[in-house]
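Survey of secondary and tertiary structure
As a plain string of letters, each chain reads:
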Amino acid sequence: MAQVPPPGSVVVTDWHRCKDSKEYFSKILHKKRRKNFGLLESPVMPPSVAVDTVHYKIFISGKSGVGKTALAAHLAGLSIPNMHHETTGIETTVVYWPVKLRESGRVLFFRLQLWDCGENALRRFDHLLPSCKEQLDAVLFLFSFTDRTSFDDLSNQISKWTESSVGRVVKVVVGTKFDLFMHCDVSERDVRDFQETWSLPVLRTGGEVSDGLGDVAPFLNCLAENLWHQDCLTAGSADFQQDTVTVL
């Protein structure tokens, strides 16, 4: 299993709080709220500031009702649906996130395209899963802290995405509904035991979307860090700071 970089070793994790980041983060905000970017839209920086954009495709995996659509909305700063409706096909959400690399000080815009597909739709239509796997960079494995069966199913989920046909992808586990601790079916001991077995990062999410960046920064920085680290390994060099990625 690919080595997971120590948190904060690749990107500056608290950069969104630094003064020199304001110009970049202002391009993903509108009236102090996150902008909703379409498939063909992107942040526009002034000509004097050259910033490369790196593109990644991320699939959100998990049981129906575990919170896949809500997570995509949360990371994009969008309103979370009040009622649960099974995703009928494939829905994509674009998230832009500026990152400062720790070693070089280089700033990049990460364009994360989140793919969310309903569990029933995947079972009914054989062509959906191959489309989700095509040119994939990462998988988010979701479980709910209020649903023990979703946690117990993680090993089955991960095994399906460890096949050689999938290729090298970043794997991150996400525990949803962490705020509903009164109804928790998964303990912190369970999570620690899981991490010792699988050596994968486990992130937690829950609650309402705020207007600020602090609630999503740890999540998006962790994802960006693991994606960039994987690209460094793929390039075969820790000095992967040049033009070896697709940029626009």
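Residues numbered from 1 in each chain as written. Predicted model: local features only at pLDDT ≥ 70, side-chain atom pairs only at ≥ 80, totals over all residues. Heavy atoms only, no water.

Among the ten residues of strand E3 (residues 52–61), eight are classified as buried, and the element is accordingly described as predominantly covered. With nine bridges joining them, E3 and strand E5 (residues 107–117) adopt parallel strand pairing. When the bridges of E5 are listed, Ile 60 appears paired with Asp 116. Sheet analysis places E3 next to strand E6 (residues 138–144), joined by four bridges and oriented parallel. Along E6, the bridge assignment pairs Phe 59 with Val 139. (Buried < 20%, exposed > 50% of the residue type's maximum accessible area, 1.4 Å probe, protein only. Helix = DSSP H or I, 4+ residues; strand = E, 2+ residues; numbered from the N terminus. Pairing = 2+ DSSP bridges.)

Moving on: the pattern of salt bridges. Counted according to the given criterion, the structure contains seven salt bridges. Linking Asp 20 and Lys 100 is a salt bridge whose minimum nitrogen-to-oxygen distance equals 3.1 Å. Separated by 80 residues along the polypeptide, Asp 20 in the segment before helix H1 (22–25) and Lys 100 in strand E4 (residues 90–100) bring together distant segments of the chain. Take Asp 20: its relative accessible area is 40%, and that puts it in the partly exposed class. In this structure, Arg 148 engages Asp 190 in a salt bridge whose closest nitrogen and oxygen atoms are separated by 2.6 Å. Here Arg 148 is found in helix H5 (residues 148–152), whereas its partner Asp 190 is found in helix H7 (residues 188–198), with 42 residues between them in sequence. For Asp 190, a relative accessible area of 19% corresponds to the buried category. (Salt bridge = Lys/Arg side-chain N within 4 Å of Asp/Glu carboxyl O.)

What follows concerns the confidence of the model for the protein chain. Across the protein chain, pLDDT averages 85, with 83% of residues at or above 70. Note on residues 238–248: pLDDT under 50 across the span, and 22 contacts to partners over four residues away in sequence or across chains. (pLDDT = per-residue confidence, 0-100. Contact = heavy atoms within 4.5 Å.)

Attention now goes to empty space enclosed by the protein. A full pass over the atoms with the stated rule returns two cavities of 30 Å³ or more. Ile 28, Arg 34, Lys 35, Asn 36, Phe 37, Ala 76, Leu 78, Val 94, Val 95 and Tyr 96 are the residues that line the largest cavity. Take the lining of the largest cavity: its biggest share by element is three residues, from E4. Residues that form the lining of the largest cavity fall into these classes: seven nonpolar, one polar and two charged. (1 Å grid on protein atoms, 1.4 Å probe; cavity = no way out; pocket = protein on both sides within 12 Å on 5 of 7 lines; lining within 4 Å. Points joined across faces, edges and corners; volume = space filled by probe spheres on them. Nonpolar A, V, L, I, M, F, W, Y, C, P; charged D, E, K, R; others polar.)

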